[in-house]
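# Analysis of the macromolecular model
So you can see what is in the structure, the chains are spelled out below.
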Amino acid sequence: MSDNRVKFYLELMKMLTAFVVGTAAGAYGLVTSEGGNQNFLIFVSVLFLFSLGTLVALTVYLDKETKD
């Protein structure tokens, strides 16, 4: 794998990790707040699960790509 691709994937993983942590913190804040909006909690939870799945898929792809 070229150096530019490695840098790109590394930056993408950093961004996805920050997004996962941010959405998880937002979901935690909505759960612990009084009178939180349930629709917004569902929206943030869906974003969290999508970003977590994307991060896992990217990690598996990179693991397979670097073993070859």
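Everything in this summary refers to the structure shown in the same document.

Thresholds, definitions, all that
- Residues numbered from 1 in each chain as written.
- Predicted model: local features only at pLDDT ≥ 70, side-chain atom pairs only at ≥ 80, totals over all residues.
- Heavy atoms only, no water.
- Helix = DSSP H or I, 4+ residues; strand = E, 2+ residues; numbered from the N terminus.
- Buried < 20%, exposed > 50% of the residue type's maximum accessible area, 1.4 Å probe, protein only.
- Contact = heavy atoms within 4.5 Å.
- Core = buried A, V, L, I, M, F, W, Y, C linked by side-chain atoms within 4.5 Å.
- Phe/Tyr/Trp six-rings, centres within 6.5 Å; stacked < 30°, edge-to-face > 60°.
- Expected span 1.5 Å × (residues − 1).

Let's shift gears to the overall build of the protein. Of regular secondary structure, the protein possesses two helices and zero strands. With the C-alpha coordinates of the protein rotated into their principal frame, the extents come out at 50 × 15 × 15 Å. Looking at the protein residue by residue over its 68 residues, the buried ones come to 18%. Taking contacts inside the protein between residues at least 6 apart in sequence as the whole, the part at least 24 apart equals 73%.

Mapped onto the secondary structure, Thr23 falls in helix 1 (residues 3-32). Looking at Thr23, the relative accessible area reads 9%, which means it is buried. Setting aside its immediate chain neighbours within four residues, Thr23 contacts Val44, Leu47, Phe48 and Ser51.

Judged by nonpolar contacts, Tyr9, Leu16, Val20, Leu55, Leu58 and Leu62 together constitute the single largest core of six residues. Mapped onto this core, the elements with two or more residues apiece are helix 1 and helix 2 (38-67).

In the structure shown here, the tally under the stated rule is three aromatic pairs. Summarising the aromatic geometry, the rings of Phe8 and Tyr9 are spaced 5.6 Å apart at their centres and angled 55 degrees between planes, so their arrangement reads as tilted. Plain terms: the ring middles of Phe40 and Phe43 are 6.3 Å apart, the flat faces sit at 25 degrees to each other, and that makes the pair stacked. Of this pair, Phe40 and Phe43 both sit in helix 2, separated by three residues, roughly a single helical turn. Here the aromatic residues Phe8, Tyr9 and Tyr61 are joined through ring pairs into a cluster of three or more.

What follows concerns the environment of Thr17. Along the chain, the position of Thr17 falls in helix 1. Residue classification places Thr17 among the partly exposed residues on the basis of a relative accessible area of 37%.

This next bit is on helix 1. Over its 30 residues, helix 1 runs 44 Å from end to end, which matches the ideal 44 Å to within 8%, given 1.5 Å per residue. Every buried residue of helix 1 is accounted for by Tyr9, Leu16, Val20, Thr23, Ala27 and Leu30.

Here we come to helix 2. Helix length check: helix 2 (30 residues) gives 44 Å between terminal C-alpha atoms against 44 Å at 1.5 Å per residue, within 8%. By the burial criterion, the buried members of helix 2 are Leu41, Val44, Ser51, Leu55, Leu58 and Leu62. Each element contacted by the buried residues of helix 2 is listed here: helix 1.

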